[in-house]
Amino acid sequence: MANLIDGRAIAEKVYVDLRREIAKLKSQGVTPGLAVVLVGDNPASRAYVRSKDKMSRELGLHSVKLELPAATTQAELLARVEELNRDPAIHGILVQSPPPKQIDEAAIVRALDPRKDVDGFHPENVAKLVSAAADGFVPCTPLGIQRLLIESKIDISGAHVVILGRSMIVGKPLALLLMQKGKGGDATVTVVHSRSRNLEKITRSADILIAAIGRANFVKSGHVRDGAVIVDVGINRVEDATSERGYRLAGDVAFDEVAKKAAAITPVPGGVGPMTIAMLMSNTVKACRQLL
Ligand code: GUN
């Protein structure tokens, strides 16, 4: 049976360091500020935004939660982003993805002050990730996964990491991060996706398999080599009449059968999710420090 990688416990370790840094900034008269913007009422997005706001408050950050109606126009959203760019009490800005369809998300991301772009989605920060510039922002989920592996003492250097999924939020930035030179990097990275041929053959050669395709229980024991490390990024809502909410959360990995083969595995919930939020807090503190 695999070791369980406890994302909540590792996130707590991150918070110990962050609390110390926040106290230091406050003693210098600055409180890191995070603005989280939600457009519309997607239930999953609402839940994520609520968690982010709650954690900011718990850490004593200045937290602003902007909830805008589903009919918000591009111009209205741009105006709000520009206000936040100018607001000296705000160091980090996040616009929850995906926005409603009338919104041009790429244009909104380009309008963000890159120094406040704690999601790491702005082209300037993407370029900084490619060139490994230390002052850029790396997207929170990839950063959280890297930290999870480092804290769990899993060797990344020289390992074959197979990433399932090529999104701008997870797959692509994660590939760049794990192939960087140095600590937490030096991996041999393969990215596979819905169009990949011989997908099982490739995933079976992974020392570390990271599933980020957004399909419940997609990764089966046949995809996995004995002794591999499995990171499950999926947060899928599947119907469940026996649950009070009418659904339960399932990862991208068929946990029970894969856990029998793996050396270590992240659960859903309680694996990658808590790390993503911890890295958002960490990026906000970094933004504040760099804006001083
Ligand atoms: N939607 C899913 N993950 C994320 C994320 O990390 N940031 C933002 N802004 N939206 C998301």
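Above: the structure in question.
None of these values were measured; they are calculated from a predicted model. (Residues numbered from 1 in each chain as written. Predicted model: local features only at pLDDT ≥ 70, side-chain atom pairs only at ≥ 80, totals over all residues. Heavy atoms only, no water.)

Enquirer: I would appreciate a short explanation of the overall build of the chain in the present structure.
Expert: Along its length, the chain carries 10 helices and 11 strands. Whereas a compact globule of 292 residues would reach a radius of gyration of roughly 19 Å, the chain reaches 19 Å, a difference of no more than 12%. Dimensions along the principal axes, computed over C-alpha positions, put the chain at roughly 50 × 45 × 35 Å. Looking at the chain residue by residue over its 292 residues, the buried ones come to 50%. A sequence separation of at least 24 residues applies to 71% of the contacts in the chain between residues at least 6 apart. Across the chain, the mean location of the 39 positive side-chain charges is 2 Å away from that of the 32 negative side-chain charges. (Helix = DSSP H or I, 4+ residues; strand = E, 2+ residues; numbered from the N terminus. Rg over C-alpha atoms; globule rule 2.2 N^0.38 Å. Buried < 20%, exposed > 50% of the residue type's maximum accessible area, 1.4 Å probe, protein only. Contact = heavy atoms within 4.5 Å. Lys, Arg positive; Asp, Glu negative; His and termini not counted. Charge placed at Lys NZ, Arg CZ, Asp CG, Glu CD.)

Enquirer: Even after reading the chapter, I still don't get the nonpolar core, so can you show me in this structure?
Expert: Generally speaking, soluble globular proteins have nonpolar side chains that are buried together. Counting residues in each nonpolar core, the largest one holds 54 residues, and the members touching the most others are Tyr-15, Ile-145, Leu-149, Ile-208, Ile-210, Val-233 and Met-281. Looking at which element gives the most residues to this core, the answer is helix α10 (residues 272–291), with 10 residues. Residues Val-219, Ala-228, Ile-230 and Val-253 belong to the second largest nonpolar core, which totals 17 residues. (Core = buried A, V, L, I, M, F, W, Y, C linked by side-chain atoms within 4.5 Å.)

Enquirer: What is the right way to look at the site of the ligand in this model?
Expert: Close to the ligand lie Leu-94, Val-95, Gln-96, Ser-97, Asp-119 and Phe-121. Within the backbone of Val-95, one N or O atom sits 2.9 Å away from a nitrogen atom of the ligand. In this structure, Gln-96 approaches the ligand through a side-chain N or O atom, which is 3.1 Å from a nitrogen atom. Classifying every residue of the shell around the ligand by side-chain character gives 3 nonpolar, 2 polar and 1 charged. (Near = heavy atom within 4 Å. Polar contact = N/O pair within 3.5 Å; in protein donor to acceptor, adjacent residues only side chain to side chain. Nonpolar A, V, L, I, M, F, W, Y, C, P; charged D, E, K, R; others polar.)

Enquirer: Please clarify how helix α7 (residues 171–179) should be interpreted in this entry.
Expert: Three or four residues apart is the spacing at which side chains of an α-helix point the same way, because the helix has 3.6 residues per turn. Within α7 the residues assigned to the buried category are Gly-171, Pro-173, Leu-174, Ala-175, Leu-177 and Leu-178. Tucked into the core, α7 has its buried residues touching α5 (123–130), α6 (140–151), β5 (160–164), β6 (188–192) and β7 (208–211).

Enquirer: What exactly am I supposed to notice about the pattern of salt bridges here?
Expert: When the charged atoms of two side chains lie near each other, side chains of opposite charge can form a pair. Considering all chains together, one arrives at 12 salt bridges under this definition. Ionic pairing is found between Arg-46 and Glu-67, a salt bridge with its closest N-O pair at 3.6 Å. Remark: Glu-67 occurs in strand β3 (residues 62–68) and Arg-46 occurs in helix α2 (residues 43–58); sequence separation between them is 21 residues. Looking at Arg-46, the relative accessible area reads 36%, which means it is partly exposed. Salt-bridge contacts for Glu-83 lead to Arg-80; the nearest nitrogen and oxygen are separated by 3.9 Å. Taken together, the residues span about one helical turn, with Glu-83 and Arg-80 both in helix α3 (residues 74–86) at a distance of 3 residues. Looking at Arg-80, the relative accessible area reads 28%, which means it is partly exposed. Shared partners join several salt bridges into a network, and the residues in it are Lys-13, Arg-147 and Glu-151. (Salt bridge = Lys/Arg side-chain N within 4 Å of Asp/Glu carboxyl O.)

Enquirer: How should the sheet that holds strand β1 (residues 3–4) be read in this particular structure?
Expert: Sheet architecture is open: 6 strands sit in the order β1-β11-β8-β7-β5-β6, paired in parallel fashion. The open sheet is flanked by β1 and β6, the only strands paired with a single partner. Sheet topology places β1 next to strand β11 (residues 264–265); 2 bridges connect them, and they run parallel. In the sheet register, Leu-4 faces β11, and the bridge partner there is Ile-265. (Pairing = 2+ DSSP bridges.)

Enquirer: Help me out: how do you make sense of empty space enclosed by the protein in this one?
Expert: If a probe as big as a water molecule is rolled over the atoms, it shows which places are left empty. Scanning the model with the defined rule gives 2 cavities of 30 Å³ or more in all. Volume-wise, the largest cavity comes out at about 80 Å³. Surrounding the largest cavity, Val-95, Gln-96, Pro-99, Glu-105, Ile-108, Val-109, Leu-112, Asp-117, Asp-119 and Phe-121 form its lining. Among the elements that make up the lining of the largest cavity, the one with the highest residue count is helix α4 (residues 105–111) (3 residues). Taken together, the residues of the lining of the largest cavity sort by class into 6 nonpolar, 1 polar and 3 charged. Its volume calculated, the second largest cavity comes out at about 30 Å³. Looking at the second largest cavity, the residues that line it are Leu-38, Val-39, Asn-42, Ser-45, Gln-96, Pro-98 and Pro-99. In terms of residue class, the lining of the second largest cavity is made up of 4 nonpolar, 3 polar and no charged. (1 Å grid on protein atoms, 1.4 Å probe; cavity = no way out; pocket = protein on both sides within 12 Å on 5 of 7 lines; lining within 4 Å. Points joined across faces, edges and corners; volume = space filled by probe spheres on them.)

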